[in-house]
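Each chain, written out:
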Amino acid sequence: MTGGEILLRSLLAEGIKTVFGYPGGAIMPVYDKLYDFQDQIRHILVRHEQGAVHAAQGFARVSGQTGVAIVTSGPGATNAITGLADAMLDSTPLVVISGQVGASLLGSDAFQETDVLGMTLPITKWSYQIRRPEDVAWAVARAFYIARTGRPGPVVLDFAKNAQVATAEFNYKPVRFIRSYLPTPDLDDNKLRQAADLINSAKKPFVVYGQGILLSHAERELTTLLDKAGLPAASTLLGLSALDSTNPHYKGMLGMHGNIGPNIKTNECDVLIAVGMRFDDRVTGTVETYARQAKVIHIDIDKAEIGKIIPVEIGIAADAREALTRLIDLVNPARHDAWEAEFDKCNNDELTLVSQKETQPNSGNIRMGEVVSLVARKAQSKAIVVTDVGQNQMMSARYSTFAQTRSLLSSGGLGTMGFGLPAAVGAKVAAPERSVCFFTGDGGLQMTEQELGTIMQEKLGVKIILLNNNWLGNVRQWQELFFGARYSFTRLANPDFMTLAQAYGIKHRRVEKREDLESAVDEMLSDIAEPYLLEVHVEECDNVFPMIPPGKGVTDIMLNEKDWYKA
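Calculation rules
Residues numbered from 1 in each chain as written. Predicted model: local features only at pLDDT ≥ 70, side-chain atom pairs only at ≥ 80, totals over all residues. Heavy atoms only, no water. Helix = DSSP H or I, 4+ residues; strand = E, 2+ residues; numbered from the N terminus. Rg over C-alpha atoms; globule rule 2.2 N^0.38 Å. Buried < 20%, exposed > 50% of the residue type's maximum accessible area, 1.4 Å probe, protein only. Contact = heavy atoms within 4.5 Å. Salt bridge = Lys/Arg side-chain N within 4 Å of Asp/Glu carboxyl O. Polar contact = N/O pair within 3.5 Å; in protein donor to acceptor, adjacent residues only side chain to side chain. Axes fitted to C-alpha atoms, helices over the stretch in contact; angles between N-to-C directions. Parallel < 35°, antiparallel > 145°, perpendicular 65-115°, else oblique. Left-handed = near helix turned anticlockwise from the far one by under 90°. Nonpolar A, V, L, I, M, F, W, Y, C, P; charged D, E, K, R; others polar. Pairing = 2+ DSSP bridges. Phe/Tyr/Trp six-rings, centres within 6.5 Å; stacked < 30°, edge-to-face > 60°. Core = buried A, V, L, I, M, F, W, Y, C linked by side-chain atoms within 4.5 Å. Arc of directions from axis to C-beta.

Student: Where do I start with the overall build of the chain in this structure?
Tutor: The helix and strand inventory of the chain stands at 23 helices and 18 strands. On C-alpha atoms alone, the chain measures out to a radius of gyration of 24 Å, which is about the 24 Å that the 2.2 N^0.38 rule sets for 567 residues. Here the chain holds 567 residues, and 59% of them are scored as buried. Restricting to contacts in the chain with at least 6 residues of sequence separation, those with at least 24 account for 77%.

See below:
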């Protein structure tokens, strides 16, 4: 059969039933064969190749499977670059198949030829060019194994056109081992025992966890460990929803706009247990003052992350689920009630000094936080929350609540404006039975608003909550606080978003008064299958607090434009 058909049958052999893509000349033989596989593979036609990759990311992060995107050569492949870099930094398993000119034309600057391997090698786990049909099945099997094992990430298969149309025998063999590639390190029992000893002797232990918990499906093990050893815990942005928001050991979110308790207590704990997180600079602040008093235990599947940013007492290169399972057996039953109460005291201060003013204002314009918290309450904490990047992202992370795992999708490491709308498309395709609530700003929505066409064509019930303040809000906040209120090119003249929604056949409503907000949210959530755009005009100069300013440590916390937190 042709290389194009071998590709599709190989995808089916890997259990792939959904792909996101955009056809073009160099990938047309694959699309021609896809015509015959419509009853077995659902193809979501996006409106831009960047949208294809972000949608595949959303699908992967909600489903736990490997996302697949198909694009053409040249501009199709270059448009996918941002999504690949985003997936690499956020450890999202993807296989992206790009068309390429025929092998005989490579290097000739043929029409829509680009050096896909050269561009993608630094931002993927593996990039490979398929030049012969005999290599298609082998490359696909290898690609999926690499993408999903160990620390997950994106893989690119650059598919020369001649290999798509030439024929070979179909013989698919799943890959279970690659020499020199060891995705899951052997667990060091001695280091685990040392870690358990540290935890058992700790007076003020503290667990900080990230997306590694979700990627290794270790939510139950994390909960069990916290319950048994009486450990307080806090999440990175991408780790949100791994613990139920009502878990008594859950103390909130870490980082620049995280909760006061977790940030302050990072510099007071005596043992810091980091699991499946990489000590990103938005979590640590200035590293010179980060947790210097603590003995750090770092569990991560990628040994390159251990000791890279923060010095560790014990580094355990391991799958999070496997490590936590063993650790549960080794730690002693314990309680640290007084220590946990210290977190609660800080977070109660935050509630009074910041959060209630944001989520329950007595007057003035609608606040971003009150919209987010209202949606969370009305959705009973069960929605998949997707964010774009900016103030909407931080407000969504701070004031959403989660009763189910894999319920927060956001661009973390790359901070990609425009990520949210196509990611919400992928999330809804992966979980049509769940509400998908996408929070965005007027700037981020216009980065990829063409994917409204995908929502229209596929009839996807994505709920879009547009927090419209007519600014690039996050940049405006930094300009106000750190650049003398010199608002350089951050004011936006926006289109009529209601007319835009109408053009795409999406039900819509604009809210400008607080008294109309609750009924609008009820209307939006009333039909899980119906797409909806809710535009809320919010306070233009609303800022996200608490905030750890750039160059400061985790205990240097601004409560507003002029006041700092004092414990």
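Student: Where do I start with the pattern of salt bridges in this structure?
Tutor: A side chain with one charge can pair with a side chain of the opposite charge if their charged atoms come near. Per the counting criterion, the structure on display carries 30 salt bridges. The residue D542 makes a salt bridge to R367 at a minimum N-O spacing of 3.0 Å. Of this pair, D542 sits in the segment after strand 18 (532–537) while R367 sits in the loop between helix 15 (337–359) and helix 16 (368–378), placing them 175 residues apart in sequence. On the basis of relative accessible area, R367 is assigned to the partly exposed category, the value being 26%. Notably, a salt bridge pairs D496 with R510, separated by 2.9 Å at the nearest N-O pair. Here R510 lies in strand 17 (residues 507–511) and D496 lies in the loop between helix 21 (473–482) and helix 22 (497–503), a separation of 14 residues in the sequence. On the basis of relative accessibility, which here comes to 39%, the residue D496 falls in the partly exposed class. On the basis of relative accessible area, R510 is assigned to the partly exposed category, the value being 33%.

Student: What is the right way to read the side chain of N470 from this model?
Tutor: Secondary-structure assignment places N470 in the loop between strand 16 (462–468) and helix 21. Here the side chain of N470 touches N494 through a polar contact of 3.1 Å, side chain to side chain. Those residues in contact with N470 that lie beyond four places of it in its chain are D442, T490, R491, L492, N494 and E540.

Student: Help me out: how do you make sense of the packing of helix 16 against helix 17 (residues 391–399) in this one?
Tutor: Between two packed helices, the angle of one axis relative to the other and the distance separating the axes together describe the packing. Following both chains from N to C, one finds helix 16 and helix 17 inclined at 45 degrees, their axes separated by 9 Å at the closest point. Between helix 16 and helix 17, the angle falls in the class oblique. In the crossing of helix 16 with helix 17, the sense of the turn from one axis to the other is right-handed. Packed against helix 16, whose contacting residues are M368, G369, V372, S373 and A376, the element helix 17 presents Q391, N392, M395, S396 and Y399 at the interface. Along the lines of polarity and charge, the residues of the contact of helix 16 with helix 17 split into five nonpolar, five polar and no charged.

Student: Just checking my understanding: could you explain helix 18 (residues 420–430) for this structure?
Tutor: Because each turn of an α-helix spans 3.6 residues, side chains separated by three or four positions in sequence point in the same direction. In terms of residue burial, helix 18 counts as a mostly covered element, since 10 of its 11 residues are buried. Those residues of helix 18 not exposed but buried are G420, L421, P422, A423, A424, V425, G426, A427, K428 and V429.

Student: What is the right way to read the sheet that holds strand 4 (residues 94–100) from this model?
Tutor: The strands that make up a sheet are held in pairs by hydrogen bonds between backbone atoms, and each pair lies either parallel or antiparallel. Taken together, six strands build an open sheet; the order of strands is 2-1-3-4-6-5 and the sheet is parallel. Unpaired on one side and paired on the other, strand 2 (42–45) and strand 5 (126–130) mark the two borders of the sheet. Neighbour to neighbour, the strand axes of the sheet diverge by 20 degrees on average, direction disregarded. Lying on the sheet, helix 3 (residues 49–63) is in contact with strand 1 (18–21), strand 3 (67–71) and strand 4; it crosses strand 3 at an angle near 170 degrees.

Student: For this particular structure, what's the right way to read the pairing of strand 15 (residues 436–441)?
Tutor: If a strand is regular, its side chains alternate between the two faces of the sheet. The buried fraction of strand 15 is high, at six of six residues. By the bridge criterion, four bridges tie strand 13 (residues 384–387) to strand 15 in an arrangement that is parallel. Its bridge partner being in strand 15, I384 is matched across the sheet by V436. As paired elements, strand 15 and strand 16 share six bridges and run parallel to each other. For V436, the partnering residue across the bridge sits in strand 16 and is V462.

Student: Please clarify how the packing of aromatic side chains should be interpreted in this entry.
Tutor: Each aromatic ring pair is characterised by the separation of its centres together with the angle its planes make. Taken as a whole, this structure holds 10 aromatic pairs when the rule is applied. Centre to centre, the rings of W126 and Y128 are 5.3 Å apart; their planes meet at 20 degrees, and the pair counts as stacked. On the basis of relative accessible area, Y128 is assigned to the partly exposed category, the value being 23%. When the ring of F279 is compared with that of Y290, the centres are 5.8 Å apart and the planes differ by 75 degrees; the resulting orientation is edge-to-face. Taken as a pair, F279 in the loop between strand 10 (271–275) and helix 13 (281–284) and Y290 in the loop between helix 13 and strand 11 (295–300) lie far apart in primary sequence, 11 residues in all. Residues F279 and Y290 agree in their burial class; the two are buried. By the ring-pair criterion, three or more aromatic residues cluster together here, those being W126, Y128 and W138.

Student: Can you walk me through the nonpolar core in this structure?
Tutor: Most often, soluble globular proteins have nonpolar side chains that are buried together. Of all hydrophobic cores here, the largest spans 99 residues; its most connected members are F206, I213, L272, I297, I316 and L327. Discounting chain neighbours no more than four positions away, the residues touching I316 are L187, K191, L192, A195, I297, H298, I299, D300 and I306.

Student: What should I look at first to understand the environment of G413 in this one?
Tutor: Mapped onto the elements, G413 comes out in the loop between strand 14 (408–409) and helix 18. Leaving out residues up to four positions away in the same chain, G413 has contacts with L89, D90 and R278.

Student: What is the right way to read helix 21 from this model?
Tutor: Buried within helix 21 we find G473, R476, Q477 and Q479. Burial along helix 21 is one-sided: seen end-on, the buried residues are contained in an arc of 165 degrees. Phi turns positive, to about 65 degrees, at G484, one or two residues after helix 21.

Student: What is the right way to read the environment of A56 from this model?
Tutor: Counting through the fold element by element, A56 comes out in helix 3. Excluding its chain neighbours within four sequence positions, the residues that come into contact with A56 are F20, G67, V68, A69 and L94.

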